[in-house]
Amino acid sequence: MISRFNLYLLNLYFYTLFVLLSATVIPILTVYVVCLGLLIPSRRRTMKRFRRAISWYGRVIIACPYPFIKLRYENAVKNDPEGPYIIICNHRSASDAYLMGILPHELVQIVNIWPFRIPVLGIYAKLAGYLNIRMIPTEEFMQSASELLKDGVSIIFFPEGTRSTTNKMGSFHGSAFRLALETKAAIVPLCISGSENIPPKGSPLLRPGIITIRRMPAIAWSEYKDLTAFALKNRVWKIMDHELSVMES
Amino acid sequence: MTEQEVIDKTNKVFEESFEIEKERLVPEANIFVDLGLDSLDIVDLIVALQSSFGVKIRNEEKVRDIRTLQDLYQFISSIKNDDGVKNG
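A short tour of the structure in this document, coming up. These figures come from a predicted structure and were not determined experimentally. (Residues numbered from 1 in each chain as written. Chains lettered and ligands numbered in written order. Predicted model: local features only at pLDDT ≥ 70, side-chain atom pairs only at ≥ 80, totals over all residues. Heavy atoms only, no water.)

1. Things to note about the layout of surface pockets
Thought 1: Considered as a void within the structure, the second largest pocket measures approximately 350 Å³ in volume.
Thought 2: For the second largest pocket, the lining is made up of 14 residues, of which Ser-171, Phe-172, Lys-233 and Asn-234 of chain A together with Gly-36 of chain B are closest to its centre.
Thought 3: The residue makeup of the lining of the second largest pocket, split by class, is four nonpolar, four polar and six charged. (1 Å grid on protein atoms, 1.4 Å probe; cavity = no way out; pocket = protein on both sides within 12 Å on 5 of 7 lines; lining within 4 Å. Points joined across faces, edges and corners; volume = space filled by probe spheres on them. Nonpolar A, V, L, I, M, F, W, Y, C, P; charged D, E, K, R; others polar.)

Listed below in C-alpha cells is the structure:
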C-alpha cells in the first residue's frame with residue numbers, strides 16, 4: 001500500500017512527464033505526418049500515418065510511469081484468421097485508450113463524444129478517422145466502419161459504452177456485433193486487467209500496479225454466422241468475463 | 001393456437017435466437033430492461049417471430065407499445081387470431 005505522500009509524488013512525476021512528452025512528441029509526430037503527406041500526397045497513406053502516430057504517442061505515454069506502473073501484453077495466439085479485426089475490449093479506465101498503442105495493427109477506435117473534445121488529440125482522432133458513435137446515425141456509422149474494414153483497418157470497440165465502476169463488466173451494446181455480422185470480420189476479444197486504478201473512475205490519481213492485456217483467439221465469421229447480434233454479444237461477453245476471472249484469480 | 005402454445009413458441013425464439021435462459025422468461029419481464037434487448041435487436045426479434053409463427057409483423061403502433069413478454073404474447077395471439085379469422 002502506497003502512502004498518500006508517495007502517491008502524490010508519483011502523480012507529480014507522471015503528469016510532468018506526460019505534459020513534457022506530449023509537448024515534444026506530438027509536434028514531432030505532426031511534422032513527420034505533414035512532411036510525408038506533402039511528399040507523398042495520398043489521403044489513405046496520410047490517415048495511416050496519423051493512426052501510426054497515435055499508436056506511437058500511446059506507447060510513449062504508457063511507458064512514462066514505468067517502473068511504478070508496468071504493462072504486460074500477452075498474445076499466445078497462433079493461426080488466427082487474417083485481419084482486419086473487430087477488437088472487443090473491456091473498459092475500466094481512461095488509460096485504456098492509450099493502452100491500445102501496444103497493438104500491432106492499423107487501428108481506429110470507436111469513441112464517445114468527449115475524446116473529440118480533448119485539445120490536439122481530438123484533432124488527431126478526427127484526422128485518423130476515429131468514429132464517434134454518438135454523433136452519427138447508425139446506418140452512416142455502419143457504412144463508415146465497413147469501409148474501414150475493407151481498407152484493412154481494424155476497429156476497436158469498448159462495447160460497455162462507459163467505464164465500469166467495479167471489476168465486473170457492464171453489459172455490451174450491440175453495434176460491434178451487428179457490424180461483425182454484416183462485414184464477416186473476425187472478432188478479437190481483448191481483456192484488460194489491472195487498469196481499474198490507473199486512474200480509477202472519478203479520480204485523476206494513478207496508483208502503482210501492473211496492467212495486463214490479454215489478446216484472445218479471434219472468433220471467425222464461420223463460428224458466429226448463425227447467431228443474432230444479441231446472442232453474439234452475450235457470447236463474447238461470457239468469453240471475456242470468464243477470461244478476466246481467470247486473469248484475476 | 002392456444003395461449004400456452006404462443007407462450008412456448010415465443011419463449012423458444014428467445015432461447016434459441018437470443019440465448020436467453022428459460023428462467024428469465026417470465027411474463028412480467030421487460031424486454032429492454034430485464035432481457036437487455038435494444039431497439040435494433042427488436043428487428044432481429046421480429047424476423048425470428050415471423051419465421052417461427054409464419055405471420056407478417058408490420059411496424060405498427062402496437063409493436064412499439066410492447067414492453068413486457070406478456071405484451072408480446074398478447075400481441076402474437078391477436079395477430080394469430082386475426083390470421084385465423086381471415087383464413088377461416
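Still to come is the rest of the account.
2. Section: the environment of Val-60 of chain A
All names here are of chain A.
Thought 1: Structurally, Val-60 can be placed in helix H2 (residues 43-63).
Thought 2: A residue is classified by how much of its surface remains accessible, and Val-60, at 28% relative accessible area, is partly exposed.
Thought 3: Between the C-alpha atoms of Val-60 and Val-25, which are 35 residues apart in sequence, the distance is 8.4 Å.
Thought 4: Residues contacting Val-60, with those up to four places away along its chain left out, are Leu-21 and Val-25. (Helix = DSSP H or I, 4+ residues; strand = E, 2+ residues; numbered from the N terminus. Buried < 20%, exposed > 50% of the residue type's maximum accessible area, 1.4 Å probe, protein only. Contact = heavy atoms within 4.5 Å.)

3. Let's talk about the packing of aromatic side chains
Thought 1: Overall, the coordinates contain 12 aromatic pairs over all chains when judged by the stated rule.
Thought 2: Ring centres of Tyr-13 of chain A and Phe-68 of chain A lie 5.8 Å apart, and the angle between their planes is 75°; this geometry places the pair in the edge-to-face category. Note that Tyr-13 of chain A is positioned in helix H1 (residues 4-39) and Phe-68 of chain A in the loop between H2 and strand S1 (69-74), a separation of 55 residues in sequence.
Thought 3: Classification of Tyr-13 of chain A as partly exposed rests on a relative accessible area of 37%.
Thought 4: Judged by relative accessible area, Phe-68 of chain A falls into the partly exposed class, the value being 42%.
Thought 5: Here the aromatic cluster, defined as three or more aromatic residues joined through ring pairs, consists of Phe-14, Tyr-15, Phe-18, Tyr-57 and Tyr-98 of chain A.
Thought 6: Lying across the ring of Phe-53 of chain B, Lys-9 of chain B places its NZ or CZ 5.3 Å from the centre. (Phe/Tyr/Trp six-rings, centres within 6.5 Å; stacked < 30°, edge-to-face > 60°. Lys NZ or Arg CZ within 6 Å of the ring centre and 35° of its normal.)

Any link to function would need more than the numbers given here.
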